[in-house]
Amino acid sequence: LRRIELQIVGAAHLPKMDVVGTVDAYCDVEFMGKKWTTGVKKNTYTPTWEERHVFEVRDCTADPGALQITVMDWDLMGGNDTVGQVVMSAAKMGKVVRGRCGWEEEREVVLRGEDGLNVVGQDKQEALLKVRLRVLEDEDEGEVDVDEQAGGLRVLEDEAEGEADVDEQAG
C-alpha cells in the first residue's frame, strides 16, 4: 500500500467571476476514481487553503491516471463557476506513485480555462495554483503519526528505496 499526500496550498491572481464581490474559491480534486473538495475561502483573489488529503494506492504497478484539480467559485444562488483547472498527467502521477518514500515536490502551476487557454486574473496576471505532493511511507514499512493539532501527517521512519523522476511539467 502506497499513500500519496496532496496539499492544496493556495492560489493567486484569480479572476473576478461575479458582478458583485470577489471570488469564493474552493478546489475539486479527482485522482484514481476518488474525489475530494477543499473548504471555501470567501471574498479573495488569493485564497490560502493549506488543506491535505491522502490517496491510498493499492497497486503501484497499475496506471493511476491523471490528477485533476479544478478551482471553483462558490455562488449562493445559481450554479458554481469553474475558474480553471490543473491536470498532472497519468505519466507524471505514475512516476510519483512508484517514487521513493519521503519524496515531495511543491510547485505553482498556471490554471487553464475550459477553452484550454491560461486563466488571467483580475490583476491581469496568470492565475496560479500552488500544490505540494508527497509520497508517504508504505503502510507495512513505517509508522505514521497523525498530528491532530498540526492537521497533517508526520512520517517517523523511511526505509523504502527507489526514486521518481518528477521533473515533467504539469498539464
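Details of the structure are given in the entry above.
Residues numbered from 1 in each chain as written. Predicted model: local features only at pLDDT ≥ 70, side-chain atom pairs only at ≥ 80, totals over all residues. Heavy atoms only, no water.

## Here's the deal with the pairing of strand β8 (residues 128-136)
Here comes step 1: Here β8 lies mainly inside the structure; seven of its nine residues are buried.
Here comes step 2: The pairing of strand β1 (residues 2-12) with β8 spans nine bridges and is classified as antiparallel. Counterpart to Leu6 in the pairing with β8 is Leu133.
Here comes step 3: Summarising the sheet, strand β7 (residues 104-110) and β8 pair through seven bridges and their orientation is antiparallel. (Buried < 20%, exposed > 50% of the residue type's maximum accessible area, 1.4 Å probe, protein only. Helix = DSSP H or I, 4+ residues; strand = E, 2+ residues; numbered from the N terminus. Pairing = 2+ DSSP bridges.)

## Comments concerning the side chain of Thr44
Here comes step 1: Turning to its location among the elements, Thr44 is positioned in the loop between β3 (34-37) and β4 (48-57).
Here comes step 2: If we ignore the near neighbours within four places in the chain, the residues touching Thr44 are Thr22 and Val23. (Contact = heavy atoms within 4.5 Å.)

## Quick look at the sheet that holds strand β6 (residues 81-88)
Here comes step 1: The sheet built from four strands is open, its strands ordered β3-β2-β5-β6 with antiparallel pairing. Single-partner strands in this sheet number two, and they are β3 and β6. The sheet shows a mean angle of 15 degrees between the axes of neighbouring strands, taken without regard to direction.
Here comes step 2: Bridging between strand β5 (residues 67-73) and β6 involves seven bridges; their strand directions are antiparallel. In the sheet register, Val71 faces β6, and the bridge partner there is Gly84.
Here comes step 3: Taken strand by strand, helix α1 (residues 90-97) contacts β2 (25-31), β5 and β6, and its axis lies near 60 degrees from that of β6. (Axes fitted to C-alpha atoms, helices over the stretch in contact; angles between N-to-C directions.)

## Examining the packing of aromatic side chains
Here comes step 1: Inspection of every chain in the model, using the stated rule, returns one aromatic pair.
Here comes step 2: Relative to Phe55, the ring of Phe31 has its centre 5.4 Å away and its plane inclined at 90 degrees; by these criteria the two rings are edge-to-face. Linking Phe31 in strand β2 with Phe55 in strand β4, this pair joins segments that are 24 residues apart in sequence. Phe55 matches Phe31 in its accessibility class, with the two residues each being buried. (Phe/Tyr/Trp six-rings, centres within 6.5 Å; stacked < 30°, edge-to-face > 60°.)

## Quick word on the environment of Asp59
Here comes step 1: If you trace the backbone, Asp59 turns up in the loop between β4 and β5.
Here comes step 2: Distance from Asp59 to Val97, taken between C-alpha atoms, is 9.3 Å for residues 38 residues apart in sequence.
Here comes step 3: Within polar-contact distance, the side chain of Asp59 engages the side chain of Thr61 at 2.5 Å. (Polar contact = N/O pair within 3.5 Å; in protein donor to acceptor, adjacent residues only side chain to side chain.)

## Some words on the sheet that holds β4
Here comes step 1: Pairing in this open sheet of four strands is antiparallel, and the strands run β4-β1-β8-β7 from one edge to the other. Strands at the two margins of the open sheet, each flanked by one partner only, are β4 and β7. Recorded for the sheet is a direction-independent mean angle of 20 degrees between the axes of neighbouring strands.
Here comes step 2: Strand direction decides the pairing type here: β1 and β4, joined by eight bridges, are antiparallel. Looking across to β4, one finds that Ile8 is bridged to Glu51.

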